[in-house]
Amino acid sequence: MSSIGRRIHRQLGDSKYLPVPASAGSFFPTASLQGTPLDYAKRRVRIRHNISAPLGVVLLLPFVLVFLVIRLVQVPSNTSLLPSRSRLPDIRAMNESIDAPFVIGCQVPETSRPRANAVLVILARNKELDGVIDSIKSVERHFNRWFHYPYLFLNDAEFNSTFKETVFNYTESKVEFGVIDKELWDFPSWTNQEEVKESIALQGDAAIMYGGMESYHHMCRFYSGQFYKHPMLAKYDWYWRVEPDVKYFCDITYDPFLYMEERGKVYGFTIIIKELVDTVPNLFRYASGFRRSRNITSQGMWEVFLQKDKEEKESGPKTSGVGDQFRIPDPEMIDPEAMNGEKYNLCHFWSNFEIAKLDFFRSKEYNDFFEFLDRSGGFWNERWGDAPVHSLAAGIFLAPSQVHYFRDIGYRHTTIQHCPGNAPRKQLPRTPYIRNPKSKKDLEEDRYWDHWDIDRENGVGCRCRCDTDIIDVEGNDGSCIPSWVDAVGGWTTD
């Protein structure tokens, strides 16, 4: 017998190894086997020249691999097999000495406390019913099912019975419907309507976004300086603005009105972005002029809305060289959009979501500011939005400590969204919310929210499930969050 044959005979004789057949992909030996199944499983198979393994392990390996693949596919979106740091990029941490999230992650909703004197306000028309219902369902699912704050619907015309009856089907909270008086909605008496309408038409011709829509101008002026004068809002101290066709991504398991009240907050936002320059060419001039005419000193918020010129900051303003003692600016270097050396960076709180104290708008200071802007005609001759008006007013009258960034509230309107990462180790089981248990659609909608996103380092959200079709605005180029962060103390992580 050859040496190779003697070696094979010796291996088979002491049952230590089983030969591996030459056929590719087969794990089964060709030699006859004796003994119990356990003995069979323990017999070793040579995989490579110097590597062997028990036959039972080799046979089970394909099944184990298939099982792991299936499990990985079925892992719910709110669990993970990996540490959070290796799953997604970190969210930058902010200095929280001036403003911090009220609650990080989830908590059991405290529903025994008295509610704030607050209301959810929705400005809508009858034709926007579908969008209104989508918004109500989102607000109820993620917040109001626990706190039951009332809704106030406003329209420049009567709401029809279909609108009212449908709304009642989607909330257990108190609902009121109001009509906006013409004095609060229409052109003010001192305007020349023919000239105003011509200006609006020219804006439409120039393709300024919504500039050619007369109703949009009315809406912007109404929300800038009229909405809080509506008699049905007179009994409330706080309001939360809700638009048709908005979506919330995270559960809000605390009462934001009470937290703002207790912490001396006046205005709250979740998105701050740049405005379209064509809509507000002269707004900053008037806002800055009002501030200087009243000798109002900034409390730290005005700087959020100023463009920062790094070159000028480092070397000082450029001069014509006539003499340092005069420092006469070169006419070619004068910025036509600047006011007293300051230029608007176009940042504004996106006011389609805002939570605010109504006394801020009711104050004499704010109304003087609005009247100053209104008399300029900019709500008609240009397309001034209520968002930059509210923002510049906050810059003039408030301190950063009075403004709150609702970083934990995930929110989307049109194609812009903010959605925070979920707070690590701060998530709690979710209770289903189904208005109509018999509806298969409602069941499917609610089950979607059972699988929230994995947590992220520095995340602050509760059971958030973010849309993935667009990028979060917070880290995007159009975001003004860096300006806000500068005002409250800066970033604490890279």
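Residues numbered from 1 in each chain as written. Predicted model: local features only at pLDDT ≥ 70, side-chain atom pairs only at ≥ 80, totals over all residues. Heavy atoms only, no water.

Going by the annotation in an unreviewed UniProt entry, the name recorded for the chain is Glycosyltransferase family 15 protein, with Lipomyces starkeyi NRRL Y-11557 given as the source organism. You can read under Subcellular location (unreviewed entry) in the UniProt record for the chain the words "Membrane". Under the UniProt heading Sequence similarities (unreviewed entry), the note attached to the chain is "Belongs to the glycosyltransferase 15 family." (UniProt positions renumbered as here; feature names shortened; annotations may be inferred.)

**Considerations on a nonpolar patch on the surface**
Together, L60, F63, V64, F67 and L68 make up an exposed nonpolar region whose accessible area comes to about 540 Å². By the secondary structure assignment, F63 is in helix α3 (residues 55-74). (Patch = residues over 30% accessible without salt bridge, like charges linked within 9 Å, V, L, I, M, F, W, Y side chains within 5 Å. Areas by Shrake-Rupley, 256 points an atom, 1.4 Å probe, with all protein chains shown as cover. Salt bridge = Lys/Arg side-chain N within 4 Å of Asp/Glu carboxyl O. Helix = DSSP H or I, 4+ residues; strand = E, 2+ residues; numbered from the N terminus.)

**Details of the nonpolar core**
Counting residues in each nonpolar core, the largest one holds 64 residues, and the members touching the most others are F227, Y239, F269, F349, F361, F369 and L392. Looking at which element gives the most residues to this core, the answer is helix α15 (residues 386-397), with six residues. If sequence neighbours within four positions are ignored, Y239 has contacts with V119, V121, Y223, F227, F257, E354, I355, A356, L358 and F361. (Core = buried A, V, L, I, M, F, W, Y, C linked by side-chain atoms within 4.5 Å. Buried < 20%, exposed > 50% of the residue type's maximum accessible area, 1.4 Å probe, protein only. Contact = heavy atoms within 4.5 Å.)

**Section: the sheet that holds strand β15 (residues 416-418)**
Read from one edge of the open sheet, three strands run β8-β14-β15, paired in antiparallel fashion. Edge positions in the sheet fall to β8 (246-248) and β15, since each of these pairs with one other strand and no more. In this sheet, adjacent strand axes meet at a mean angle of 10 degrees when their direction is disregarded. Bridging between strand β14 (residues 411-413) and β15 involves three bridges; their strand directions are antiparallel. (Pairing = 2+ DSSP bridges. Axes fitted to C-alpha atoms, helices over the stretch in contact; angles between N-to-C directions.)

**Looking at a negative patch on the surface**
A contiguous patch of negative charge, built from E128, D130, D134 and D245, is present on the exposed surface. In this structure, D130 sits in helix α4 (residues 129-147). (Lys, Arg positive; Asp, Glu negative; His and termini not counted. Charge placed at Lys NZ, Arg CZ, Asp CG, Glu CD.)

**Side note on the sheet that holds strand β12 (residues 354-357)**
Within the open sheet, the seven strands sit side by side as β6-β5-β4-β7-β12-β9-β13. Their pairing is mixed. Each edge of the sheet is formed by a strand with only one pairing partner; in this case those strands are β6 (175-179) and β13 (403-405). Neighbour-to-neighbour, the strand axes of this sheet turn through a mean angle of 20 degrees, independent of strand direction. By the bridge criterion, four bridges tie strand β7 (residues 238-242) to β12 in an arrangement that is antiparallel. Bridging from a neighbouring strand, R241 pairs with E354 of β12. Strands β4 (118-123), β5 (151-155) and β7 of the sheet are contacted by helix α8 (residues 214-225), whose axis makes an angle of about 165 degrees with β4.

**Focus: the UniProt feature "active site" (unreviewed entry) in the chain**
Mapped onto the present numbering, the UniProt feature "active site" (unreviewed entry) falls on E354. Here E354 is to be found in strand β12. Those residues within four positions of E354 in sequence are excluded, and the remaining contacts are Y239, W240, R241, Y267, G268, F361 and H390. A polar side-chain atom of E354 sits 2.3 Å from a polar atom in the side chain of Y239. (Polar contact = N/O pair within 3.5 Å; in protein donor to acceptor, adjacent residues only side chain to side chain.)

**A word on the layout of surface pockets**
Its volume calculated, the largest pocket comes out at about 980 Å³. Lining the largest pocket we find 37 residues, and of these Y210, Y216, M219, E243 and H413 sit closest to its centre. It is α8 that contributes the most residues to the lining of the largest pocket, five residues altogether. (1 Å grid on protein atoms, 1.4 Å probe; cavity = no way out; pocket = protein on both sides within 12 Å on 5 of 7 lines; lining within 4 Å. Points joined across faces, edges and corners; volume = space filled by probe spheres on them.)

**Section: the state of the cysteines**
Throughout the structure, instances matching the rule amount to four disulfides. A sulfur-sulfur distance of 2.0 Å marks the disulfide that ties C106 to C462. Because the sign of the S-S torsion sets the handedness, a value of about 100 degrees for the bond joining C106 and C462 places this disulfide among the right-handed ones. Highlighted residues: C106 in the loop between α3 and β4 and C462 in the loop between α16 (440-448) and α17 (481-488), separated in sequence by 356 residues. (Disulfide = S-S within 2.5 Å.)

**Looking at the packing of helix α10 (residues 283-293) against α15**
A packed helix pair is summarised by two numbers, namely the angle formed by the two axes and the spacing between the axes. Their axes nearest at 11 Å, the elements α10 and α15 cross at an angle of 25 degrees. The orientation of α10 relative to α15 falls into the category roughly parallel. In this structure, α10 meets α15 at a crossing whose hand is right-handed. In this structure, α10 contributes L283, F284, A287, F290 and R291 to the contact, and α15 contributes P388, V389, L392, I396 and F397. Along the lines of polarity and charge, the residues of the contact of α10 with α15 split into nine nonpolar, no polar and one charged. (Parallel < 35°, antiparallel > 145°, perpendicular 65-115°, else oblique. Left-handed = near helix turned anticlockwise from the far one by under 90°. Nonpolar A, V, L, I, M, F, W, Y, C, P; charged D, E, K, R; others polar.)

**Notes on the pattern of salt bridges**
With the rule as written, the count across this model stands at 23 salt bridges. Between R430 and D450 there is a salt bridge, with the nearest N and O atoms lying 2.9 Å from each other. Highlighted residues: R430 in the loop between β15 and α16 and D450 in the loop between α16 and α17, separated in sequence by 20 residues. Among the charged side chains, a network of salt bridges with common partners joins K137, R141, R430, E445, D446 and D450.

**Things to note about the packing of aromatic side chains**
Scanning the entire structure with this criterion turns up 54 aromatic pairs. Relative to F147, the ring of F143 lies with its centre 5.1 Å away and its plane at 25 degrees, an arrangement referred to as stacked. Residue F143 and its partner F147 are both found in helix α4; the two are separated by four residues, about one turn of the helix. Here the two residues F143 and F147 agree in accessibility, since each one is buried. Each ring, one from F290 and one from F397, has its centre 6.3 Å from the other, and the planes form 75 degrees; the classification is edge-to-face. Of this pair, F290 sits in helix α10 while F397 sits in helix α15, and the two are 107 residues apart along the sequence. For F290, a relative accessible area of 1% gives the class buried. The cationic tip of R241 hangs over the ring face of Y223; the distance from NZ or CZ to the ring centre is 3.5 Å. (Phe/Tyr/Trp six-rings, centres within 6.5 Å; stacked < 30°, edge-to-face > 60°. Lys NZ or Arg CZ within 6 Å of the ring centre and 35° of its normal.)

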